[in-house]
Amino acid sequence: VLPGRALWVPLLFGAIIALGVVAGNYGLGSTIGLIALCVLTGLSAAYGVAFVMAIGGADMPVVISVLNSGSGWAGVFAGFMISNNLMVIAGAFVGASGIILSYVMCEAMNRSIYNVLVGGFGDMGKTAGGTKVEGEVTQTTVDQVTKWMLEARSVIITPGYGMAVSRAQHSVAELTKELRAKGVKVRFGIHPVAGRLPGHMNVLLAEASVPYDIVLSMDEINHDFPDTDLVLVIGANDTVNPAAQTDESSAIYGMPVLEVWKAKQCVVMKRSLASGYAGVDNPLFVYPNNAMLLGDGKKTIDSLLESVRASKNDASKKQQTNDTTVAVDTTADNTTAPGSKTITDQNGLLNGTHHGESEAATKRVRPETFLKVGVLKETGDVKEKRVAIDNTVAEKMLEKLGIETLVERGAGAGASISDAAYEVCGARVVDRATLIAESKVIVKITTPTVEDVESMSAGQVLIGWVQPAQNQDLLSKAAERGVTLLAMDAVPRITTAQKMDVLSSTAKIAGYRAIIEAAYHFQRFFSGEITAAGKFPPAKVLVIGAGVAGLQAIGAAHNLGADVRAFDTRLECKDQVESMGGRFLVMDFKEDGTGEGGYAKPMSPEFIEKEMELFLEQAKECDIIITTAAIPGRKAPILIDQYHVDAMKSGSVIIDLAALTGGNCKVTRPGETYVYTTPRGGSVTICGDTDLTSRMASQASVMFANNVYHLMHHCGGGKEFKLNQEDDIIRGITVAHEGTVTWPPPKPAGPPPQA
């Protein structure tokens, strides 16, 4: 680190900017401008040296990002000099993204962006080496690590730059497959600055086809280390160094790290015991629960992979997956916090213990809970198979939000979720009366009934698909009873609310299922086929409406090989349709149908006339028509008239996703699929079924449950649960509260008037 740089490096940077302004004003044709440019070049070289001389700690990714940003801004200025707009735009993108990434990584490392920008890499005001580490290092062998892996129930892998250098990601992926096949729960913990560039480890693991759902960020995984049997650290050092939390004299003190030392056993794989980029010793190496497996990363992983594949010691583990029994012990003892519970199971599946161990070893302290959420069984429609919260989300709410889930007996049966599956995940299965009496929040996936509200008490919260514009009686009853009613279908269409948007979740499933239903009724190939028995053209599919459901239908039909075309009144949808593999149909008519909230708006009579002409042309040509057009709170517009259906070829299919609100097709019968006979004697199958989402009950339940989970998290979780009416999202979905009907919500304030 160059002495006094905190003073002269900013001055040097300022001088470079000033000389750049002088050179730009005078131009290279003048002596002053040329001299300024030459001096600027020399000072820039000096600044570059000073800028990177101080590199230390785990700052390499930040350095790369900052320098990439600098190259982008250099491109911007070069573009200005030669009047090249493309260089200016491209350089601005690179420069701006580099600055944003630098800031994000500095935040992840608890560093100051100011120190980075003035050349303060690695200088955090601490002694570089920190406290000297003393102790005995335990070395291990491939056979011992293999034994630990096969005995473990939970393994977390934390890769670092060593994995990248040795190109071991594919071997790591294969090892992961082998362990998961043997019943081991494997996940990855990724530090935000691991490697040499942002997201380096994520890219390598994705390249090796590691499932994305087991790759977790530091914030997501850190709380799980205490319950983990084994951690494998592959080529990481500073990002797993406990000195960042314990040694104030360390150069990396205060930097968030992966807390791998909290696991029952940790194994660090490195070439040697050398320190990392920070130049500080790692006390993890001498921890009693850590062992070092030294050697080349790829060769070591390959040896472990070969050893695991050769192992024959997994027979007992396979048997443990059969005939699991669960018991919930609600008796508190001296090892359990007051008011908490313990969960036990015969084979130790909930806590990583093995069959045959002591009873004490098969107990895990149940997380403390602060709120009870009840899940009602759907009873209104016999075709409804979904459940509002599935077992996996119930477990996540228990562990991460401190929320206990009460499930009405048999609620998950239609979605293939047994009562036992809920109990294994920590939920309680009770009767309806007990659920309503004990739950502060009650959730349904369909529209609540007046009877549901009447069974509840003042102060309780009821969440469901309310359709407030069509159910004023329900809102009035909720207000009368003092029940707070939240409409999940009224989530505002804003970025921060996307994780709670059940409309999008439901529409996506409906669009996908529409193509599956169409394929079933069409009974011919979707893709073009050339066979010895003849040549068969691809099915021609028209999708009307390019919202979430329409785009999903386009993508699904395209993936099956169909010739897909789509139409939407919103011209902005063209790129989205084409990105999903469809062809966007455009009329020679100047009118845009983009309405409030991103929905389509009603169109003029002249537009509709042209639209009908287009649909008639397509009806004569297409084999399948999917209609998705709906405007919230209104009857679905008629887009396919009877004469359109009469013009279709025999054997064609219409799937009307707007059937619930009357249908987009003139001859749709809501809730029914039937064969329509055309005047020429042909047959067209008209599907007006309104339960397409429920036909994918398992998937639909998981997606709805995740929406509810994010809502509960947004409300503060179990401990700090609050329905803040100042919050745009909460106010938007609250339709009855504290004895008052609160629908519709106030419109957001518009932009100030222009002067």
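Going by the structure above, here's the rest.
Residues numbered from 1 in each chain as written. Predicted model: local features only at pLDDT ≥ 70, side-chain atom pairs only at ≥ 80, totals over all residues. Heavy atoms only, no water.

> Before we go on, may I ask you to explain a nonpolar patch on the surface in this structure?
Together, W73, F77, F80 and I99 give the surface a local cluster of nonpolar side chains, amounting to about 440 Å² of exposed area. Looking at the secondary structure, you find I99 in helix α4 (residues 85–108). Overall, the relative accessible area of 38% leaves I99 in the partly exposed class. (Patch = residues over 30% accessible without salt bridge, like charges linked within 9 Å, V, L, I, M, F, W, Y side chains within 5 Å. Areas by Shrake-Rupley, 256 points an atom, 1.4 Å probe, with all protein chains shown as cover. Salt bridge = Lys/Arg side-chain N within 4 Å of Asp/Glu carboxyl O. Helix = DSSP H or I, 4+ residues; strand = E, 2+ residues; numbered from the N terminus. Buried < 20%, exposed > 50% of the residue type's maximum accessible area, 1.4 Å probe, protein only.)

> It is not clear to me how the sheet that holds strand β3 (residues 215–217) should be interpreted in this structure. Could you clarify?
Pairing between the strands of a sheet is mediated by backbone hydrogen bonds and can be parallel or antiparallel. Reading across from one edge, β3-β2-β1-β4-β5-β6 is the order of the 6 strands in this open sheet, with parallel pairing throughout. One side of each edge strand has no neighbouring strand; the edge strands of this open sheet are β3 and β6 (290–294). Neighbouring strand axes in the sheet, compared pairwise and without regard to direction, differ in orientation by 25° on average. Direction of pairing for strand β1 (residues 154–159) relative to strand β2 (residues 185–190): parallel, over a ladder of 4 bridges. Its bridge partner being in β2, S154 is matched across the sheet by K185. Set on the sheet, helix α6 (residues 142–151) makes contact with β4 (230–234), β5 (265–270) and β6; between it and β4 the angle comes to about 135°. Running over the sheet, helix α12 (residues 297–310) touches β4, β5 and β6 and is turned about 130° from β5. (Pairing = 2+ DSSP bridges. Axes fitted to C-alpha atoms, helices over the stretch in contact; angles between N-to-C directions. Contact = heavy atoms within 4.5 Å.)

> Whenever I open this one, the pattern of salt bridges confuses me. Can you help?
Oppositely charged side chains are able to pair whenever their charged atoms sit close together. The final tally for this structure, using the stated rule, is 31 salt bridges. Between E578 and K574 there is a salt bridge whose closest N-O contact spans 2.8 Å. With E578 and K574 both in helix α21 (residues 574–579), this residue pair falls 4 residues apart, about one helical turn. Of the residues examined, E578 reaches a relative accessible area of 39% and is grouped as partly exposed. Overlapping salt bridges, with partners in common, bring together R366, K372, E404, R428 and E438 in one network.

> I tried to follow the packing of helix α8 (residues 169–181) against α12 on my own but got confused; where do I start?
The relative placement of two packed helices comes down to the angle between their axes together with the axis-to-axis distance. Running from amino to carboxyl end, α8 crosses α12 at an angle of 25°, the nearest separation of the two axes being 9 Å. For the element pair α8 / α12, the angle class is roughly parallel. Here the hand of the crossing between α8 and α12 comes out left-handed. Residues S171, V172, E174, L175, E178 and L179 of α8 form the contact with α12, whose participating residues are K298, I301, D302, L304, L305, V308 and R309. Looking at the contact of α8 with α12, its residues break down into 7 nonpolar, 1 polar and 5 charged. (Parallel < 35°, antiparallel > 145°, perpendicular 65-115°, else oblique. Left-handed = near helix turned anticlockwise from the far one by under 90°. Nonpolar A, V, L, I, M, F, W, Y, C, P; charged D, E, K, R; others polar.)

Any functional reading would require information beyond the geometric quantities listed.
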